[in-house]
Amino acid sequence: MTNSAQPPEAGRPTANAMRRALKRARDGVALDAAEAAVLLQARGDDLEDLAASAGRVRDAGLAAEGRAGVITYSKSVFIPLTRLCRDKCHYCTFVTVPGKLRRAGHGMFMSPDEVLDIARRGAELGCKEALITLGDKPEDRWPEAREWLEAEGYDDTIAYVRAISIRILEETGLLPHLNPGVMTWTDFQRLKPVAPSMGMMLETTATRLWSEPGGPHHGSPDKEPAVRLRVLEDAGRSSVPFTSGLLIGIGETYEERAESLFALRRVARSYHGIQELIIQNFRAKPDTAMRGMPDAEMDDLVATVAVARHIMGPSGCIQAPPNLVDGEYGRLIRAGIDDWGGVSPITIDHVNPEKPWPQIEELAARSEAEGFRLQERLCVYPEFVRRGEPWLDPRLLPHVRALADPSSGLANPDAPVRGLPWQEPDEGYVATKSSGRTDLHRTIDTTGRTSDRRDDFDEVYGDWEALREQAAPGMVPSRIDGDVRAALATAADDPTRLTDDEALALLHADGPALDALCSVADDVRKSVVGDDVTYIVTRNINFTNVCYTGCRFCAFAQRRTDADAYTLSLDQVADRAAQAWDVGAVEVCMQGGIHPDLPGTAYFDIARAVKERVPGMHVHAFSPMEVVNGATRTGLSIREWLTRAKESGLDSIPGTAAEILDDEVRWILTKGKLPTATWKEVVSTAHELGLRSSSTMMYGHVDQPRHWLGHFRTLAAMQQANLDKGVEGFTEFVTLPFIHTNAPVYLAGIARPGPTTRDNRAVTAMARLLLHPHIPNIQTSWVKLGAEGAAEMLRSGANDLGGTLMEETISRMAGSSYGSYRSVRDLVAIADAAGRPSKPRTTLYGEVPEERQRAAAASDGHLPELLPLAD
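Attention in this report is confined to the structure presented alongside it. Counting starts from 1 at the beginning of each chain's written sequence and moves along it residue by residue. Per-residue local features of the predicted model are confined to residues with pLDDT of at least 70, and side-chain atom pairs are confined, for both listing and counting, to 80 or more; whole-chain, interface and lining totals are unaffected and use all residues. Calculated side-chain values reflect all of the structure's heavy atoms, with hydrogen atoms and water omitted.

### Section: the overall build of the protein
Phase 1: Think of it this way: any DSSP run of H or I at least four residues long counts as a helix, any run of E at least two long counts as a strand, and we number them from the N terminus. Within the protein one finds 34 helices and 21 strands.
Phase 2: For this measure, only C-alpha atoms enter the radius of gyration; the expected value for a globule follows 2.2 Å times N^0.38, where N is the number of residues. Against the compact-globule benchmark of 29 Å for 871 residues, the protein has a radius of gyration of 29 Å, which places it among compact chains.
Phase 3: Whether two residues are in contact is decided by their heavy atoms: any pair within 4.5 Å suffices. For the protein, contacts bridging at least 24 residues in sequence account for 78% of all contacts bridging at least 6.
Phase 4: Accessible surface, the protein: about 31300 Å² in total, of which carbon and sulfur atoms supply 50%.
Phase 5: Side chains of the protein give 97 positive and 123 negative charges; the mean places of these two sets differ by 1 Å. The Shrake-Rupley method, run with a 1.4 Å probe, gives the accessible areas here. Residue values count only the displayed protein chains as cover. Counted as positive: Lys and Arg. Counted as negative: Asp and Glu. His and the chain ends are not counted at all. Think of each charge as sitting on NZ of Lys, CZ of Arg, CG of Asp or CD of Glu.

### Focus: the packing of helix α24 (residues 624-634) against helix α25 (residues 638-648)
Phase 1: For helices, the fitted axis covers only the stretch in contact; all axes are lines through C-alpha atoms, and the angles between them, taken along N-to-C directions, range from 0 to 180 degrees. The N-to-C vectors of α24 and α25 enclose an angle of 105 degrees; their axes lie 9 Å apart at closest approach. As judged from the angle between their axes, α24 and α25 are roughly perpendicular. Each of V627, V628, G630, A631 and T634 in α24 lies in contact with α25, whose residues at this interface are I638, W641 and L642.
Phase 2: Three classes are used: nonpolar for Ala, Val, Leu, Ile, Met, Phe, Trp, Tyr, Cys and Pro, charged for Asp, Glu, Lys and Arg, and polar for all others, with Gly counted as polar. Class assignment for the residues of the contact of α24 with α25 results in six nonpolar, two polar and no charged. Roughly parallel means an angle under 35 degrees; roughly antiparallel means over 145; roughly perpendicular covers 65 to 115; every other angle is labelled oblique.

### So, empty space enclosed by the protein
Empty space among the atoms becomes apparent when a probe as large as a water molecule is rolled across them.
Phase 1: In the cavity and pocket records, a cavity denotes points on a 1 Å grid over the protein atoms alone where a 1.4 Å probe fits but cannot get out, a pocket denotes an open set with protein on both sides within 12 Å along at least 5 of 7 lines, and lining residues are residues with an atom within 4 Å of a point. Grid points are joined across faces, edges and corners, and a volume is the space filled by probe spheres set on the points. In the structure shown here, the tally under the stated rule is four cavities of 30 Å³ or more.
Phase 2: Roughly 330 Å³ of internal volume is contained in the second largest cavity.
Phase 3: What lines the second largest cavity is a set of 22 residues, among which Q189, K192, S238, I594 and R633 lie closest to the centre.
Phase 4: For the lining of the second largest cavity, the elements supplying multiple residues, two or more each, are α8 (185-191) and α24.
Phase 5: If you tally residues by element for the lining of the second largest cavity, the top one is α24, at five residues.
Phase 6: Considering only residue class, the lining of the second largest cavity consists of ten nonpolar, seven polar and five charged.

### Structural notes on unusual backbone geometry
Phase 1: A cis amide bond links E389 to the next residue, P390, at an omega of 0 degrees.
Phase 2: Relative to the helices and strands, P390 is located in the loop between α15 (382-387) and α16 (397-403).
Phase 3: A cis amide bond, omega -5 degrees, links H772 with the succeeding residue P773.
Phase 4: Note on placement: P773 falls in the loop between α30 (757-770) and β19 (778-779).

### Overview of the environment of T714
Phase 1: Position of T714 among the secondary structure elements: in helix α28 (residues 705-724).
Phase 2: What makes T714 buried here is its relative accessible area of 17%.
Phase 3: Residues T714 and L771 lie 57 residues apart in sequence; the distance between their C-alpha atoms is 9.7 Å.
Phase 4: What T714 contacts, discounting residues up to four positions off in sequence, is L661 and K680. Relative accessibility decides the category of a residue: with a 1.4 Å probe and only protein chains considered, values under 20% of the type maximum give buried, values over 50% give exposed, and everything between is partly exposed.

### Considerations on the state of the cysteines
The bond known as a disulfide is covalent and runs between the sulfur atoms of two cysteines.
Phase 1: Two cysteine sulfurs form a disulfide in these notes if their separation is within 2.5 Å. Using the criterion set out here, one finds zero disulfides in the structure.
Phase 2: Free cysteine: C317, not disulfide-bonded; nearest cysteine sulfur from C379 at 14 Å.

### Regarding the layout of surface pockets
Phase 1: Of the volumes computed, that of the second largest pocket is approximately 810 Å³.
Phase 2: Taken together, the elements giving at least two residues each to the lining of the second largest pocket come down to α7 (157-171), α8, α10 (225-237), α24, α25 and α27 (676-688).
Phase 3: Per element, the largest residue contribution to the lining of the second largest pocket is six residues, and it comes from α7.

### Some remarks on the packing of aromatic side chains
Phase 1: Two rings from Phe, Tyr or Trp (for Trp, the six-membered ring) form a pair when their centres sit within 6.5 Å of each other. Planes less than 30 degrees apart are called stacked, planes more than 60 degrees apart edge-to-face, and all others tilted. In the structure shown here, the tally under the stated rule is 15 aromatic pairs.
Phase 2: Geometrically, the ring pair formed by F384 and W391 is edge-to-face, given 5.1 Å between the ring centres and 65 degrees between the ring planes. Of the two residues, F384 and W391, both sit in the buried class.
Phase 3: Centre to centre, the rings of F622 and W641 are 6.4 Å apart; their planes meet at 70 degrees, and the pair counts as edge-to-face. Of this pair, F622 sits in the loop between β15 (618-621) and α24 while W641 is found in helix α25, placing the two residues 19 residues apart along the sequence.
Phase 4: On the accessibility criterion, F622 (0% relative accessible area) is buried.
Phase 5: The buried category is assigned to W641, whose relative accessible area is 0%.
Phase 6: Within the aromatic cluster, the residues linked to one another by ring pairs are F543, Y603, F604, F622 and W641.
Phase 7: Note on geometry: a ring has a charge over it if NZ (lysine) or CZ (arginine) is within 6 Å of the ring centre and within 35 degrees of the ring normal. Lying across the ring of W581, R852 places its NZ or CZ 3.6 Å from the centre.

### Remarks on the nonpolar core
Here is a general trend for soluble globular proteins: nonpolar side chains tend to be buried in one another's company.
Phase 1: Nine residue types can take part in a nonpolar core, namely buried Ala, Val, Leu, Ile, Met, Phe, Trp, Tyr and Cys, and a core is a set of them joined through side-chain atoms within 4.5 Å. The biggest cluster of nonpolar side chains holds 130 residues, and the ones touching the most others in it are M590, F622, W679, F712 and M766.
Phase 2: In this structure F712 touches M697, F733, V763, M766, A767, L770 and L771, once residues within four positions along its chain are discounted.
Phase 3: In terms of nonpolar packing, the next biggest core, distinct from the first, is built from 122 residues, M298, A308, W391 and L403 among them.

### Quick word on the pairing of strand β2 (residues 129-134)
Phase 1: Of all the six residues making up β2, six are buried; the element is thus mostly covered by neighbouring parts of the structure.
Phase 2: The side-chain alternation of β2 yields two buried faces, one formed by E129, L131 and T133 and the other by A130, I132 and L134.
Phase 3: With six bridges joining them, strand β1 (residues 70-82) and β2 adopt parallel strand pairing. By the bridge assignment for β2, S76 is matched with E129.
Phase 4: Where β2 and strand β3 (residues 175-179) come together, five bridges link them in parallel fashion. Across the sheet, residue A130 finds its bridge partner in β3, namely P176. Two strands qualify as a pair provided that DSSP identifies no fewer than 2 bridges between them.

The values reported here are purely geometric and, on their own, carry no functional implication.
Spelled out as structure tokens, the structure:
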């Protein structure tokens, strides 16, 4: 391993290169990585020049924020929840082993009493932040950690972090800032309701320092740069205010350090969720593998702070830990910092225990000497306090508001720090209360939507320009030349033998080849399910459209204050189910937005309300995203939550929220929806519990046929795994052509205007072939394609028309022009147009009872035109 972060003398920049880079910095011109690497090596007068320009950038940002001349800090307590870790960083003295903890008389984790004692003492002294730091996933390495968690009733470390955070909020009033290391997307959903901010240092993007033996991060799975960057992106996708930063001087080159800063800038730009960057200098510690490494020099720290300021710009927040700067406060202030981080009057810095915090009074004096006033902030930065939703969970708002100055978003120094209940918001989802445009299911077909986009279009979806850059490479469909004739022969003989190359050739087929493909698919359809075109008398009930997830394809979601926003009461949901039963329905399909106020148990209440009102109704409800939302808000596992939902009346789940099961596409289509792996986990768990599901694919936006192929292969593999386990699994596959008209990703100029007719025929036909024999039912969407389009798909391998719906707002809000319902006669007519007989079915493709068929026939399967709504 290298003994210094500094490259050899021969690699130092020329005087001309330094002059050019300094001039660009002075002139406010955007730097590139090469120029940043040059400036990181500025020393002497050059460093003073660099720092001066960085300070001006910082000052402009503070003035724009309305806090000119202010440097902030957070008055905190440091809580080392556990010092066990599965990683082996070669510079770390924070981490220890179970034997040492036992010999010192400590448990594997701090007990709740130990945590609360520190937090209470902090509250008495006016601290407002509980900095909870711990090692990564200790239970994966240490049986003692796993045994402690099991004995205390916790499934994993994250569960304990969540539980202790709630107790801190309720019993002390401090705000938890969580540093549990590498987190999954699901972990963020679990922790967001209990902590207004979280953090994890990126440290470096230099992969060699992790992958090569002798590197500081070798043997530490959680220090792989790609993994840590994914965590930062998941924080942004989850709208979590997040702290990150660099650890400098651990063996990285200046070029690698510059690239690390630009990686942080890319994440900050894409999601606007990086609340601060910490630039921390390496300090060698005894009894570590890196004890012989020289400390990072102060000039190195000052230069890195200044370059970080230039790269992050005036709106970025840059911090340097004040206990690691050897009294050089003035140099760091002049280089562009605007924050000193957490400072504790009662606890040590457990990561750097040899370096005590400065007294707050000294920090104020040192800042004042440079012309700055020290002012207290909360663990969550003022920008996010002012933003509110979706960055702050409603359950945390009372706790944050109790400590914040409402005008600035900084800490209110006079606010009493005392515990408050952690509970569902008082104005949240209740059984007897509805709000907003609850007649949208009717009026969407008459008066339409109020505007083509929601009011927070420019903020809720992330940075559109950054997304365009991300979407550009490889997102324009390209032709693939292949032997279509041979592929057609394979498909006709045995579709299960189609190779990926053959499947891709067929997915690109056009003209006579496409006609032949559809004919082959239709032959397979006939041999598997016969000629009957099936349909179901069902009603969609979308119980709320309030959502802040940030799906860029969705025109249904609204802010709670938008003109088209609404939320139904439980009585209204039950009434709509009863009305559907009266006209012959056998199913209600219920989905809604991820409403911030919706308790995780509300889904149980919704299913129960329908079953109590209409016991015979099949409840097909709650997408995998809603399942995760319910599970994380209740603190239950996905399996436990689904079990409770089933006990409450849930019969099956829609396989929506799939879009394209490829994260390359998903993270362009959506800011915050669940990743592919989590979708698969939810659906597979539901299947194991006897809750069958549909499967879906939304296509025709920023995807390519190769993504469709991967999606089909994923679904087929999941169903094969179901069959291997003796589980029934998927009921059908539903094609969902992208409706572009009002979709944000289309309005922003990124997505295509939906699939072509060729795309629709090819997707339907290949769904029939590639899912054979795993998923026998292929459904087409009259909502998205209209009657003629649906009939064409019935000639291309589909055998099912879906449902009457009775109401449909999601596609209509997106701009579909094919109405909100179809009568039974309408669906029969579509089958007739395809030259096929039709037949009603149940959700699970069973026979419909005679009584239900008579009720549907009497009303033609649709509601009266003017259906009264409960108040």
